[in-house]
Amino acid sequence: MNRTTARTAHLRAAGVSFVVELTGPLPRILHWGEDLGELTDEDTEALILTADGAVLNSALDIPRQFTVWPTEADGWSGTPAQQGHRDGAATTPRVRLTGVRQEPGELVLRLTDDVGDLGVVLTYRLDPSGVLGVSTEISRPDTGPGQDPAPYDLAGVTTLIPLPHRAGEILDFTGKWCRELSPQRGGLRFGSHVREVRRGRPGADSPYLLTVGVPGFGFRTGEVWGFHVAWSGNQRYLAEQLPEGAGVHGAVLGGGELLAPGEVRLAPGDSYTSPVCHFVWSDAGLDGLADRFHTLLRARPSHPASPRPLTLNTWEAVYFDHRIERLLRLADLAAETGVERLVLDDGWFTGRRDDTAGLGDWTVDAKVWPDGLTPLADRVHGHGMQFGLWVEPEMANPDSRLAREHPEWLLAPSPGLGPSWRNQYVVNLAHQDAWTYLLTSLDEIVTRYSVDYLKWDHNRELHEAVSRGAGGHDRPGVHTQVSAVYRLIDALKARHPGLEIESCASGGARVDLGILARTDRVWASDCNDPLERQAIQRWTGQLLPPELVGTHVGGPHSHTSGRVTDESFRYATALFGHAGIEDDLTARTPQELAGLRRWAALYKEVRPLLHGGRVVRADLADETTLLHGVVAGDASTALYCWVRLATSTAAQSGRVRLPGLDARGRYRVRIRTDAGLPALHQTSGPAWFTAALDGWVTLPGAVLVGAGLPMPTLEPAQALLIEVSALDGTPAQGLDGSRPAPATRPGAGNPDA
Ligand code: DGJ
């Protein structure tokens, strides 16, 4: 839905409006956020009339504007949209509007920078989910003789959108190996809140989704504005507030790719395309933002459509011990347990007996696998399971044939290699021979063993990532490297259309919508400890729906935290994603295997709901408890997980409201015991819980959503699964009419909040 008048363009979708005034010399953003409805000419005039602030003391002599391409030329003293120079000159761009095109849901602005000798195409696309994607192409036209041949050094392209003054609190993320996506919150202050990622991948401390909201926003309430860069290399996130504001607005939000000096040099005829910058708004808190992203991703033609197969990954089961008998036994037990995909992790290729050697040599180790991978692949396929394989194509150990025969393929500066990381270096994918070698090797392995799935790992950061040139003329290489890995995955998938790929980077160090445009899920963390995982999965889900996030049941004793946890807690935690097992089944007792079988059956039963419904997270006063779940789009079924992370002084939970259901509906509730029960820190009750342990208990939506249920007090590191199912007549009439239905207005208006 959009409308263009001579003076404005108005994109509308799913309760979001984005209005741009198409004025000269540069358009300005009048509004981004709540739907303003159909704007009449009179409304538009009023919006324009009210778009100017006062002229301040000791300031510009005209009201400040915040344009679509903010620079000093329009009096903007904050981070500019464009930075660069041509041979030390042309540092002050003068950009003007030269063309406008509007398609349904899309606004394309053509700009010209007469100083920099550049053309800009700025594309705003408001997806039906309400997510606004912005991409920028900057090109240097080739105008022939008389043109300054010096390249334009593009130092940065920053996409910025203004925020209102009421947006005053920031949430973003940090983290480390095995503790990805740790949230950090604070007030938005004057100045720049800048997160720059120089790791050559988003990193375990990825800012992920920079969110600014009305102070006190929660999962279910509050107006919030979020930003994500769909890019797997260096990047920049920014929230900036100047005392004078941004035009009539309060602050700005945005970012883009972080370019190294000299990384992008535009000679006549060259161009640069930015990654897509995603902007998302909701008046329904963080769940509202997540809902919009989930809707965006689920609508992609490439989104996984088949039921997400229960997976067994061999890493924590066998590590580098690839004795075939052991692996065959594991495959047999996996099949008996209900596993649908077995992934052979690191250790299968030539020379790879530990992590010091072999990386880069993508042929099967003949010493360990004298008959190739055929015996295992055949056994796995024979059981009707899919066969997956671990690879790490972008890396090499110095102790590998690749590094020995082609030292020039490594991404390193002329003075030599810097320190290794996990005994490895990065392969320069911009080197055509290296790229072709990797495509050919992967293609061969996938073809020979009918590989259904690749776990694509990336276990070091890119430091001194330059392509070596003659005479030490080394050129920055992160942008080229990321583009090349995208091309590599695209080319491999083109040859193997059914092949699925997981993005792993020592766990969750490469989780972004750029890599996810060509992969099918992410490995959120190497930590399978359910206590850590509750937090990691909760926040990974801020962007990704559960079916895109690998969640595996580990053994009782976590390999990465040392913590010992109960089976039922591990099961309940791993259920809420693309579930799998990361454990040595040969070491499990028959009782434990029976428990796993019941859990596997439960996963298969509930995955249509979990992988298609809306993710909900309750706002609770006690931070040692969590309530999260998935509710069907029509609010007819739901599965909730009530979690206690640690003890707390609050002995009772009080009434806890179950978000996402229809307050006017009629429901029944029961406790799922298939995967075991949590240990309780109490004597008995509450009464509904005792009854729901035995079977369905009828409870109206008004109680579930409005009043809430008193929850049993669990011991620390325990979780309870609560299933809710509608009785006849629910969803109540009018759910899709008198109030916004999720399919038409994701991310907005949680009536139950
Ligand atoms: C790091 C990954 O995150 C692990 O899951 C595992 O695949 C190892 N690499 C293998 O080397």
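For the structure, see preceding data.
Residues numbered from 1 in each chain as written. Predicted model: local features only at pLDDT ≥ 70, side-chain atom pairs only at ≥ 80, totals over all residues. Heavy atoms only, no water.

**Q** If you had to explain the packing of aromatic side chains to someone new, which residues and values would you point to?
**A** Counting across every chain of the model gives 19 aromatic pairs. Plain terms: the ring middles of W231 and Y486 are 5.7 Å apart, the flat faces sit at 85° to each other, and that makes the pair edge-to-face. Linking W231 in the loop between β16 (224-229) and β17 (235-241) with Y486 in helix α8 (residues 478-495), this pair joins segments that are 255 residues apart in sequence. Here the two residues W231 and Y486 agree in accessibility, since each one is buried. (Phe/Tyr/Trp six-rings, centres within 6.5 Å; stacked < 30°, edge-to-face > 60°. Helix = DSSP H or I, 4+ residues; strand = E, 2+ residues; numbered from the N terminus. Buried < 20%, exposed > 50% of the residue type's maximum accessible area, 1.4 Å probe, protein only.)

**Q** Please give an account of the site of the ligand that cites residues and values.
**A** By nearness alone, 13 residues border the ligand, and D345, D346, K455, D457 and D526 come closest of all. In the model, an oxygen atom of the ligand is placed 3.1 Å from a nitrogen or oxygen of the W390 side chain. A distance of 3.1 Å is found between an oxygen atom of the ligand and a backbone nitrogen or oxygen belonging to G507. Within the complex, the protein chains bury 97% of what would otherwise be the 290 Å² of accessible surface of the ligand. Grouping the amino acids of the shell around the ligand by side-chain chemistry returns 4 nonpolar, 3 polar and 6 charged. (Near = heavy atom within 4 Å. Polar contact = N/O pair within 3.5 Å; in protein donor to acceptor, adjacent residues only side chain to side chain. Areas by Shrake-Rupley, 256 points an atom, 1.4 Å probe, with all protein chains shown as cover. Nonpolar A, V, L, I, M, F, W, Y, C, P; charged D, E, K, R; others polar.)

**Q** Tell me about the nonpolar core, residues and numbers included.
**A** One finds W32, W69, Y124, W348, L544 and W599 to be the most contacted residues of the largest nonpolar core, which totals 171 residues. Every residue in contact with W69, bar those within four places of it in the chain, is listed here: L26, D74, A81, Q82, V95, L111, V120, L122, T136, I138 and V157. In this structure, A638, L709, L720 and A726 belong to the second largest nonpolar core, which totals 28 residues. (Core = buried A, V, L, I, M, F, W, Y, C linked by side-chain atoms within 4.5 Å. Contact = heavy atoms within 4.5 Å.)

**Q** Tell me about the packing of helix α4 (residues 324-337) against helix α5 (residues 374-382), and please be specific about residues and values.
**A** Think of two packed helices as two axes; the pair is described by the angle between the axes and how far apart they sit. Where α4 meets α5, the axes come as close as 10 Å, and the angle between the chain directions of the two elements is 10°. What the angle tells us is that α4 and α5 run roughly parallel. Contacts between α4 and α5 pair I324, L327, L328, A331 and D332 from the former with P375, L376, R379 and V380 from the latter. Here the contact of α4 with α5 is built from residues that sort into 7 nonpolar, no polar and 2 charged. (Axes fitted to C-alpha atoms, helices over the stretch in contact; angles between N-to-C directions. Parallel < 35°, antiparallel > 145°, perpendicular 65-115°, else oblique.)

**Q** Now, about the environment of W32: what can you tell me, with residues and values included?
**A** Secondary-structure assignment places W32 in strand β4 (residues 28-34). W32 sits 16 residues away from V16 along the chain, and the two C-alpha atoms are 7.4 Å apart.

**Q** Explain helix α9 (residues 530-540) residue by residue, including any values.
**A** Because an α-helix completes one turn every 3.6 residues, residues spaced three or four positions apart along the sequence face the same direction. Across the 11 residues of α9, 10 count as buried, placing the element largely inside the fold. Within α9 the residues assigned to the buried category are P530, L531, E532, R533, Q534, I536, Q537, R538, W539 and T540. Capping the start of α9, D529 holds a side-chain oxygen 2.8 Å from the backbone nitrogen of L531, two or three residues further along.

**Q** Tell me about the sheet that holds strand β10 (residues 152-157), and please be specific about residues and values.
**A** Taken in spatial order, the 3 strands of this open sheet run β5-β10-β19, and their pairing is antiparallel. Two strands lie at the open edges of the sheet, namely β5 (82-86) and β19 (264-266), each paired on one side alone. Across the sheet, the mean angle from the axis of one strand to that of its neighbour is 30°, orientation sign disregarded. As defined by bridge partners, β5 adjoins β10 across 5 bridges and the pair is classed as antiparallel. In the strand pairing of β10, R86 is matched with Y152. (Pairing = 2+ DSSP bridges.)

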